[in-house]
Amino acid sequence: MKVKVFIKNKDVYDLQILDETASVQDYLDAINKFIDENTNPPCRGCDECCWERIPLTSIDVLNYINQLGGALVLDNEWPLLDFLDQYTYIYAEGGAVDISLGFTQEGACHFLDQEQHICGSYTARSLVCQSFICMESTKSAQDFRSELVNTGMDELVRLWMSQCKDAGIRLFYHEEYQASPQGEDYPENGFTGKKTYKDVLLKEVCSLEVWNNIYKENSQKL
Ligand code: SF4
Ligand code: SF4
């Protein structure tokens, strides 16, 4: 076990990284194990978490494209750009860009089956969907999750900008206010060139401060 998720206080969970070679997939496996083993945070299937903003990472988008296959009708030459156009919401303000899953007019995730209250893309659902536990968490666990998602989104923004350039099209937005993103603000990071969450090492996508809070040698939590 490379990552441990555990109850810290009543109804509050925390996590600890036990091995410095732990990957994002090890983190997701630990979350799933925790959910399976704890009757306390059962999912009632209410679907409320599918009506929230769902920020996306580069690997989330690759998973949706590769795993949903024929269920999506995408441009053969630029599938990532077409997915971003059809299934996400790109919001830019000044130099900052936010890419989240697209939603219906009522505000539900595109992939939610509202009648059955089930996810229509369960096997490919995003990092945010997979790492959501329906209970409170410690600040260090929250900071870690936020930083992971932000780093993955920065890589997605970098890919969007570079592919728009290669395809010879202008940057496109679903909403923007004085948008002026610059390539140098989105350098390569620990997600760059990685195709799956097994390939992304947590140590390479965390700041030192966040890492120090959750890595075993620096933590006395267990
Ligand atoms: S995890 Fe989502 S669907 Fe399950 S109980 Fe919590 S809010 Fe509802
Ligand atoms: S991808 Fe699935 S789990 Fe995630 S918000 Fe959409 S319907 Fe819900």
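Everything below is about the structure shown above.
Structure report, in brief. Everything numeric in this text was worked out from a predicted model, so none of it was measured. (Residues numbered from 1 in each chain as written. Chains lettered and ligands numbered in written order. Predicted model: local features only at pLDDT ≥ 70, side-chain atom pairs only at ≥ 80, totals over all residues. Heavy atoms only, no water.)

## Some thoughts on the sheet that holds strand β1 (residues 3–9)
No. 1: A sheet is described by the order of its strands in space; here three strands give the open sequence β1-β2-β7, paired in mixed fashion. Strands at the two margins of the open sheet, each flanked by one partner only, are β1 and β7 (136–137).
No. 2: Both β1 and strand β2 (residues 12–17) contribute to a ladder of six bridges, which runs antiparallel. Bridge assignment links V5 to a residue of β2, and that residue is L15.
No. 3: Together, β1 and β2 form the strand contacts of helix α1 (residues 24–37), whose direction differs from that of β1 by roughly 45 degrees.
No. 4: The strands that helix α5 (residues 139–167) touches are β2 and β7; relative to β2, the one it contacts most, it runs at about 65 degrees. (Pairing = 2+ DSSP bridges. Helix = DSSP H or I, 4+ residues; strand = E, 2+ residues; numbered from the N terminus. Contact = heavy atoms within 4.5 Å. Axes fitted to C-alpha atoms, helices over the stretch in contact; angles between N-to-C directions.)

## Some remarks on the site of ligand 2
No. 1: Every residue lining ligand 2 is accounted for by C50, I54, Y64, L101, C109, F111, L112, C119, S121 and C129.
No. 2: Its atoms largely coinciding with the cavity grid, ligand 2 occupies the largest pocket.
No. 3: Of the residues belonging to the shell around ligand 2, the class tally is nine nonpolar, one polar and no charged. (Near = heavy atom within 4 Å. 1 Å grid on protein atoms, 1.4 Å probe; cavity = no way out; pocket = protein on both sides within 12 Å on 5 of 7 lines; lining within 4 Å. Sits in = over half its atoms within 2 Å of the grid points. Nonpolar A, V, L, I, M, F, W, Y, C, P; charged D, E, K, R; others polar.)

## Some remarks on the nonpolar core
In summary, soluble globular proteins display a tendency toward joint burial of nonpolar side chains.
No. 1: Grouped together as the largest cluster of nonpolar side chains are 64 residues, with contacts concentrated most on F144, W160 and L202.
No. 2: By residue number, the principal contributor to this core is α5, which donates 11 residues.
No. 3: The residues contacting L202, other than those within four sequence positions of it, are V3, I17, A22, S23, V24, Y27, F144, L148 and W211. (Core = buried A, V, L, I, M, F, W, Y, C linked by side-chain atoms within 4.5 Å. Buried < 20%, exposed > 50% of the residue type's maximum accessible area, 1.4 Å probe, protein only.)

Function cannot be read off these values alone, since they describe shape.
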